[in-house]
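Each chain, letter by letter, is given below.
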Amino acid sequence: MELQSLLAIRIASISVNHTMHCPFTELPNRRRKPITHRCSCRLIKAPSSSSSNMIDGPFTDYPDGMALSSDLYSELIRNYCRKGFLDKAMTCLCEMEALGYRPNLTCYSRLIESLGSVGRTHEAEMVFQEMLSLGLRPNVGLLNGLLKGFLRKGSLEVARRVLVVMDELGIYRNRETYELLLDYYVSAGRLDDTWRIVGEMKKKGHVLNSFVYSRVIQLYRDNGMWKKAVGIVGEIMEMGVPLDRRIYNSIIDTFGKYGDLDVALEVFDKMNKEGVKPDISTWNSLIRWHCKGGDLTKALDLFSQMQEQGLYPDPKIFTTLITSLGERGKWDLLKQIFERMKSRGHETSGAIYAVLVDIYGQYGRFQGVSDCIRALKAEGVQMSPNIHCVLANAYAQQGLCEETVKVLQIMEAEEGIEPNLIMLNVLINAFGIAGRHLEAMSVYHHILESGISPDVVTYTSLMKALIRAKKFREVPELYGQMESAGCTPDRKAREMLQTALQRMH
C-alpha cells in the first residue's frame, strides 16, 4: 500500500495564476512546493430569486439578469459553505476573482473555517494567504477557525504557527482560542501542555467554566486518577460553578470507565432530577460502558430509552452494540432493533446501521466498500468525516485493512476530505489487529513526515500492534518516544509497557 497515494493533497482551483507560500506550513524538515492556482472562468448572471435559494440546481445555471455584485458573490459563498457545498464555494470564489471582485472578511472567515472543518487545511491555508495578499487583516475569529482546522487534523506544529502569527499581528487570544487548545491537549494526552493552558487562562483573567472543568476531569480520568477526577466536583461546587451537562457527562464517563456502573446510573438519575437533560453523549457513555461491563440487557434498555427521548443513536455506539450482540450470536435481536428504529422514523440512521452490520459479515447484502457508500448515499445520508471514520473503524475492528484504506481513499477522492489523525489512528489499529505491525509502523512514520503530531491513541495502538507481533523489545522505545513527544502515557500505555517488559525476560 502506498500511503502517499492515499493521502494525496487535494487542491481546488482558485482564480488567478500566481504562486503563494503559506507561513504556517514552512516548517523545518518539511519541504513544500509552491502551489499554483489556475481556473477558467465565465460570467455568471444573477438569479431572480433571493440569494438564500441560490444553492438549488447547477451552480452556473442562472437566468439572464444583471451581473452579480461583490456582496452577492460573498453571500453566495457563505450559503454554499453553510450547506456543505465547498467545491461550489471554491468555484464561486474562482469566478468571482476572475471578474475582479474580492470577498469580504466575513466571507473569507466562513470559507476558511468550513474548509478546515472537513480537513481541507491546504486549501484553507491558500485562501488565508490570498486574503493577506489583498491587505485584509484577519480577526481573532478567523484565526481561531484556522487553528481549529489544524488541531482537528492533528497538525500541532502548524497550529502553533497560527499562534505565532496572532502574536505578530497583535491579535489577542480569546477564550475560544484557549478552549480549542485545551480540548486538543486533553484529547491528545498532553498533560503538561494542558496545565500550562489552564495557567495561562487564569493569568489572563478567564474564569474557568464548566467546559474547562469537564476537560480537566477527563484528563484525570484518562491518566488513571479517577478519585481526583471525582474529587474535583466538590471543588467546582464550592466555587459556585453549576453542574451542567458537560460536567455530569464527564462524571458519568469516569465512573463508567472504571466499572462503577451503579454509581454512574445514580449520577444519571441525579442529573435528571436536577432538570439537566441528557444528550447523545450521556446515553452513549452509559451504553458503551454497560456493553464493556457485560450487562447487555441494561445497555439495550438504555438504547431503547434514548430513542424514546427522541434522540438518534450514534453510529459509533451502534458499532459497540453490534460487537456485543455478535459475540453472543444475537443477530435476530439486532434485526428487531432495526425494525423498531424504522417504526420510529429513523430511516436514514437505519441505513447507516444496516451497512455497519453488513461490514461485520452477517447479511452479505453489500459486496464491498463502494457498494456500502453508494447505498448510504442512495438513502440520502450525507457522507461526513464522522460517517467515513465510523465505517473505516468498523472495518478496522475486523482487521480488514484493505477495506479500511479504501474508505479513506474514497473519502478523499470523492468528498475532498483529507484524513486526519483520528482516521490514521484507525488505520494503524486495522493493521495491528491483522498482525501487520510493519505497515502499522509505516503509517506512524507517515504521520511524522506529514507534520502531524501523534497523540496518546497513536502510541497505544502501535504498542498493542507490537505486542501482538511479539516485538516486545520495541515497546519500551516507542514508550520513550511518546514521552519525548509530550504525550503523557495513560493507564493502558503503562500496563502495556509492563506486559512487554515481563515478556522480554
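Above this note sits the structure.
Numbers given for residues are sequential positions, taken from 1 along each chain in its written order. Per-residue local features are limited, in this predicted model, to residues with pLDDT of at least 70; the limit for side-chain atom pairs, both in listing and counting, is 80 or more; totals at the level of whole chains, interfaces and linings are taken over all residues. Hydrogens and waters are ignored; side-chain quantities use all the structure's heavy atoms.

A. Structural view of empty space enclosed by the protein. Cavity: a set of points on a 1 Å grid over the protein atoms alone where a 1.4 Å probe fits but cannot get out. Pocket: an open set with protein on both sides within 12 Å along at least five of seven lines, its lining residues, like those of a cavity, having an atom within 4 Å of a point. Grid points are joined across faces, edges and corners, and a volume is the space filled by probe spheres set on the points. Applying the stated criterion to the full structure yields 1 cavity of 30 Å³ or more. Counted as a void, the largest cavity has a volume near 30 Å³. Lining the largest cavity are Glu 113, Gly 116, Ser 117, Gly 145, Lys 148, Gly 149 and Arg 152. Contributions of two or more residues to the lining of the largest cavity are made by helix 4 (105-117) and helix 6 (140-153). The helix and strand labels rest on DSSP assignments: H or I over at least four residues marks a helix, E over at least two residues marks a strand, and numbering proceeds from the N terminus.

B. Region of interest: helix 6. In a helix, the anticipated span is given by 1.5 Å times the number of residues less one. In this model helix 6 runs 20 Å from its N-terminal to its C-terminal C-alpha over 14 residues, within 8% of the 20 Å that 1.5 Å per residue would give. When you tally the buried positions in helix 6, you get 10 out of 14 residues, the bulk of the element. Within helix 6 the residues assigned to the buried category are Leu 142, Leu 143, Asn 144, Gly 145, Leu 146, Leu 147, Gly 149, Phe 150, Leu 151 and Lys 153. We call two residues contacting when some pair of their heavy atoms lies within 4.5 Å. Elements in contact with the buried residues of helix 6: helix 4, helix 5 (121-133), helix 7 (156-168), helix 8 (175-188) and helix 22 (421-433). A distance of 3.2 Å separates the backbone nitrogen of Gly 141 from a side-chain oxygen at the start of helix 6, and that oxygen is part of Asn 139. A positive backbone phi angle near 95° is found at Gly 154, which sits one or two residues after helix 6. Partly exposed describes any residue whose relative accessible area lies between the buried limit of under 20% and the exposed limit of over 50%, with all areas from a 1.4 Å probe on protein chains only and scaled to the type maximum. Polar contacts here mean pairs of N or O atoms no more than 3.5 Å apart (in protein, one a potential hydrogen donor and the other a potential acceptor; neighbouring residues in sequence count only if both atoms are side-chain atoms).

C. Inspection of the nonpolar core at higher detail. Nonpolar cores were defined as sets of buried Ala, Val, Leu, Ile, Met, Phe, Trp, Tyr and Cys residues, with membership established by side-chain atoms within 4.5 Å. In this structure, Ile 287, Phe 318, Leu 376, Leu 391 and Met 463 are the most contacted members of the largest nonpolar core, which totals 153 residues. If we skip the residues at most four places from it in the chain, Leu 391 touches Val 355, Leu 356, Ile 359, Ile 373, Leu 376, Met 383 and Val 407.

D. Representation of a positive patch on the surface. The residues that make up patches have over 30% relative accessible area and no salt bridge, and they are joined within 9 Å when like-charged or within 5 Å when they are Val, Leu, Ile, Met, Phe, Trp or Tyr. Here the Shrake-Rupley method, with its probe set to 1.4 Å, supplies the accessible areas, and only the displayed protein chains count as covering residues. Salt-bridge detection follows one rule: a side-chain nitrogen of Lys or Arg within 4 Å of a carboxyl oxygen of Asp or Glu. Two residue types count as positive, namely Lys and Arg, and two as negative, namely Asp and Glu; His and chain ends fall outside the count. Where a charge lies is defined by one atom per residue type, namely NZ (Lys), CZ (Arg), CG (Asp) and CD (Glu). Among the surface-exposed residues, Lys 292, Lys 464, Arg 468 and Lys 492 lie close enough to one another that they form a single positively charged patch. Structurally, the position occupied by Lys 492 is in helix 26 (residues 491-504). The class for Lys 492 is partly exposed, based on a relative accessible area of 48%.

E. Up close: the environment of Glu 97. Here Glu 97 is to be found in helix 3 (residues 86-98). A relative accessible area of 4% means that Glu 97 is categorised as buried. With 27 residues separating them along the chain, Glu 97 and Ser 70 place their C-alpha atoms 9.5 Å apart.

F. The arrangement of the packing of aromatic side chains in detail. Each aromatic pair joins two rings of Phe, Tyr and Trp (for Trp, the six-membered one) with centres within 6.5 Å, and gets the label stacked for planes under 30 degrees apart, edge-to-face for over 60, and tilted for any other angle. This model, assessed by the stated rule, comprises 7 aromatic pairs. Aromatic side chains Tyr 73 and Tyr 101 sit 5.6 Å apart centroid to centroid with 45° between the ring planes, which places their arrangement in the tilted category. Of this pair, Tyr 73 sits in helix 2 (residues 70-83) while Tyr 101 sits in the loop between helix 3 and helix 4, placing them 28 residues apart in sequence. Classification of Tyr 73 as buried rests on a relative accessible area of 0%. The partly exposed category is assigned to Tyr 101, whose relative accessible area is 26%.

Such coordinate-based values are descriptive only and should not be taken to indicate function.
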